[in-house]
Amino acid sequence: MTIRLRSITFILLIFVAIIPVTVLSFTLYKQMYSFVYKSVDSRLVASANQITAELSHSNEILTNGLRLLSEQDSIVKGIDDLLFSIHLPDVLANFVLDTPLIESLYLVEADGYVIESYGGNILALEQSNILHNRFESPFKIKDLDSKSKVYLIDNYSLVNKGGRHHSLVHVVPIYSDKAIDHIHVRGYLIAVVPIYKLGSTVEKELQADESLAVFYREEQLEGNLIGDDEYDVTHSSRLIISGRNYQNSVWLKIKVGQRLDSLTHQVKEAMAPGMATSVVVIVAIILVVMLFAHLVAKAFGQLYALIRDFEKGREADWVADGKVTIREFADVANLLAEMKSTIGEQLRTVNQKNEELAKVDKLRAGYLEEVQTLNSQLEFKVEERTRDLEESMDNLAQSNFFFQQLVQFRRVLEASVGNRQISRDALRILAMCFPNMGLIIHLPKSRGHRTVYESLSLEIDSFEVLQNRVSEKSRQRWDRFSIEFKQQLVNVFGIRCGGGEMGWLLVNEPKLSEEYSNRILLFITELSAFLENRTLNEELDHVARTDSLTGIRNRQAFDELQFTLETQLDAEVGLFIIDVNGLKQMNDEKGHEKGDQLIISVAKVMAECCQGITSDFYRIGGDEFAIVLVGEQLVNAELLEQTLQNKQNNQVGIDLNSFGGEPLVSFSLGYASTGDVDFSGLYKLADQNMYSNKQRYYAQLRQTQL
């Protein structure tokens with residue numbers, strides 16, 4: 001009884017004293033916490049905005065500096081000019097040292113090869129997707145107003161600091177010629193800005209209890225924020241990485257936060273004086289409640305004893321003797337006695353009903369067992385049919401997806417520009433159609449296209465060894481065969497590239513299903529048809545634009561170049577018209593075979609003289625040739641004219657009996673440039689100058705013969 005009285009006293013103490021004081025303390029704590037939270041949040045808002053503004057300013061300095069650097073003569077001319085290229089390391093180093101955000105800087109040619117760098121990894125850059133995708137973005141300039149681009153990449157090889165691999169890459173084109181209707185890109189400046197440098201640049205702006213993190217698309221790239229669960233007070237601000245004349249921008253989120261334990265510590269310091277007062281109040285209330293609870297607990301003890309007697313079936317005689325101090329408790333005792341009699345009758349009735357229900361349950365259990373057996377059989381059949389249907393639907397979906405990708409591959413091939421792009425697109429689409437397969441593709445060298453080896457999910461020690469192994473096996477069969485690779489047999493499919501050249505596709509799967517094999521053969525057939533058509537078209541194009549006698553370009557190629565130059569505004573063009581001397585005499589006296597040899601000799605002389613100056617020289621008639629100089633090539637016009645004169649026969653006239661091998665070369669030439677006449681009259685003026693020289697030649701020849 002004493003233990004239960006103590007329990008009642010303790011319960012009253014909790015509900016009357018401890019709970020109200022606790023609620024009051026918690027309310028005060030929440031209010032103080034809210035006040036501190038708002039104060040810290042305001043400070044974090046200011047910090048985030050200040051940090052974003054400073055980083056935006058640094059980015060603007062960086063982008064403007066890269067733009068100005070790309071326009072410097074030492075950079076523009078240093079790409080091809082050795083005199084300027086020796087200064088490139090100092091120029092790049094000074095720019096990186098003056099620009100805090102940049103870690104490494106590269107100067108790249110228009111075809112994607114690195115010329116010079118500072119603080120970078122040239123091999124890592126050339127192996128990265130930035131250079132591999134140079135025929136697309138960022139190296140494809142679409143218009144004049146937007147040239148530069150910025151990228152966010154994940155490449156640990158381009159960042160010097162270990163464990164920090166995310167970085168921003170700025171690609172700025174270098175122009176050597178900017179006209180209204182075209183842009184001539186000479187090269188590119190590629191600047192690598194590690195993400196960790198953004199944080200280290202603004203760490204001084206943070207207070208001791210603040211933390212900083214950089215996010216991109218909800219992914220944390222840099223910083224010591226673990227997550228919102230441990231940083232209850234946070235604020236973020238958008239940072240746009242871009243610049244003037246940039247085609248795109250990268251949106252970063254700068255988040256500043258304060259740890260939860262730091263915020264809680266501030267609240268505890270603010271509430272320390274009030275906590276002592278709360279303890280005194282709680283002690284006073286406890287003393288008052290204990291005195292009151294002693295009186296109330298005694299009455300409840302009597303009620304508890306009454307209930308215990310009722311549970312054990314004893315008669316509570318002390319209730320009739322008037323020992324119950326509370327009248328209502330005596331009424332409860334009488335009510336319990338009546339309930340005891342009523343409950344006894346109800347229990348007997350319930351027992352009878354339970355016996356009847358037990359019989360019904362037994363019958364129901366039998367029926368349920370039969371139903372469960374039937375359901376199990378039905379579920380097994382349904383699952384079996386469902387699996388068959390799912391397998392059929394999956395095969396149909398895979399087939400549809402493959403043919404969709406095959407159609408897409410045809411479109412990709414139509415837009416491709418070289419073997420490198422074709423091989424990568426082929427591996428990409430094959431990887432989507434046949435996941436988890438290692439692939440290697442080889443496309444041989446052809447007219448205007450390099451030899452390409454590309455692999456996906458496979459490491460190769462030596463392509464040359466692998467090529468020799470494939471070549472030995474392909475002598476027996478080219479469409480499909482097996483070779484040993486990585487100590488297992490793999491499948492190789494032949495790719496017909498036209499002109500007798502063959503490529504191949506290696507699939508690192510020793511046991512291909514018939515369905516997979518047929519799909520790969522369809523893919524190979526599509527690729528082979530495209531490559532053979534490309535080879536045929538290129539051969540036809542070469543034949544159509546090449547002179548069959550001399551092997552140099554013909555009149556059609558010359559007319560196409562003239563049309564292209566005519567559509568370019570302010571194009572500076574120089575034109576040599578050359579006519580062979582003595583060709584008719586050669587044909588009449590020595591025959592057309594000797595005349596053809598004379599024309600071939602003139603073509604060889606032109607090729608030798610034009611080497612290193614221009615590649616645009618043509619045979620535009622029977623004994624008429626043309627040489628075209630464009631832009632900066634015009635400075636070599638006098639040198640080329642002098643070289644052509646020096647290569648001719650020094651004698652006046654041609655001794656037709658003096659040579660048994662190649663004929664002695666003699667020709668008349670005329671030169672004109674757009675500095676002297678409009679482009680429309682360029683050919684006419686050059687032809688007139690040539691005709692005047694030819695007249696002087698024949699006049700001198702007649703005097704010599706006299």
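Report follows, based on the coordinates.

Analysis parameters
- Residues numbered from 1 in each chain as written.
- Predicted model: local features only at pLDDT ≥ 70, side-chain atom pairs only at ≥ 80, totals over all residues.
- Heavy atoms only, no water.
- Helix = DSSP H or I, 4+ residues; strand = E, 2+ residues; numbered from the N terminus.
- Buried < 20%, exposed > 50% of the residue type's maximum accessible area, 1.4 Å probe, protein only.
- Contact = heavy atoms within 4.5 Å.
- Areas by Shrake-Rupley, 256 points an atom, 1.4 Å probe, with all protein chains shown as cover.
- Polar contact = N/O pair within 3.5 Å; in protein donor to acceptor, adjacent residues only side chain to side chain.
- Pairing = 2+ DSSP bridges.
- Axes fitted to C-alpha atoms, helices over the stretch in contact; angles between N-to-C directions.
- Core = buried A, V, L, I, M, F, W, Y, C linked by side-chain atoms within 4.5 Å.
- Salt bridge = Lys/Arg side-chain N within 4 Å of Asp/Glu carboxyl O.
- Parallel < 35°, antiparallel > 145°, perpendicular 65-115°, else oblique.
- Left-handed = near helix turned anticlockwise from the far one by under 90°.
- Nonpolar A, V, L, I, M, F, W, Y, C, P; charged D, E, K, R; others polar.
- Phe/Tyr/Trp six-rings, centres within 6.5 Å; stacked < 30°, edge-to-face > 60°.
- Lys NZ or Arg CZ within 6 Å of the ring centre and 35° of its normal.

Across its full length, the chain holds 18 helices and 18 strands. Counting the 706 residues in the chain, one finds 39% classified as buried. Looking at the chain alone, contacts between residues at least 24 apart form 62% of all its contacts between residues at least 6 apart. Approximately 41200 Å² of the chain is accessible, and the part contributed by carbon and sulfur atoms is 53%.

Attention shifts here to the side chain of S668. Its location among the elements puts S668 in strand β18 (residues 667–673). Polar contacts involving the side chain of S668 include one to the side chain of N581, which spans 3.0 Å. Leaving out residues up to four positions away in the same chain, S668 has contacts with I577, I578, D579, N581, M690, N693, K694 and Y697.

This part takes up the sheet that holds strand β14 (residues 501–507). Across the sheet, which stays open at both edges, the five strands sit in the order β11-β10-β14-β13-β12 with antiparallel pairing between neighbours. In this open sheet, the two strands that pair with only one neighbour each are β11 (452–456) and β12 (480–485). In this sheet, adjacent strand axes meet at a mean angle of 25° when their direction is disregarded. As defined by bridge partners, strand β13 (residues 488–498) adjoins β14 across seven bridges and the pair is classed as antiparallel. Each residue of the ladder has a partner; that of F493, found in β14, is L505.

Formed by 43 residues in total, the largest nonpolar core has its most connected members in L66 and L252. At eight residues, helix α1 (residues 2–70) tops the list of elements feeding residues into this core.

Quick look at the pattern of salt bridges now. Scanning the model with the defined rule gives 16 salt bridges in all. E218 is the salt-bridge partner of K253, the closest N and O atoms lying 3.6 Å from each other. Residue K253 is located in strand β9 (residues 250–258), and its partner E218 is located in the loop between β6 (210–216) and β7 (219–223); the two are separated by 35 residues in the primary sequence. Put simply, D361 and R364 hold a salt bridge, and the shortest N to O gap is 3.8 Å. Residue D361 and its partner R364 are both found in helix α10 (residues 327–415); the two are separated by three residues, about one turn of the helix. The class for R364 is partly exposed, based on a relative accessible area of 46%. A network of salt bridges, in which partner residues are shared, links R420, R424 and E454.

Contact pair helix α11 (residues 419–433) / helix α13 (residues 514–544): the axes reach a minimum separation of 12 Å and the direction vectors enclose 165°. Here α11 lies roughly antiparallel to α13, going by the angle between them. Crossing of α11 over α13 shows right-handed handedness. Side by side, α11 and α13 meet where N419, I422, A426, I429 and L430 of the first sit next to F523, L527, F530, L531 and R534 of the second. Looking at the contact of α11 with α13 residue by residue, the class counts come to eight nonpolar, one polar and one charged.

Another point: the packing of aromatic side chains. Applying the stated rule across the entire model yields nine aromatic pairs. Taken together through their ring pairs, the aromatic side chains of F402, F403, F434 and Y516 make up a single cluster. Above the ring of F215, the side-chain terminus of K253 is found at 5.6 Å from the ring centroid. The side chain of K255 reaches across the aromatic face of F215, ending 5.0 Å from its centre.

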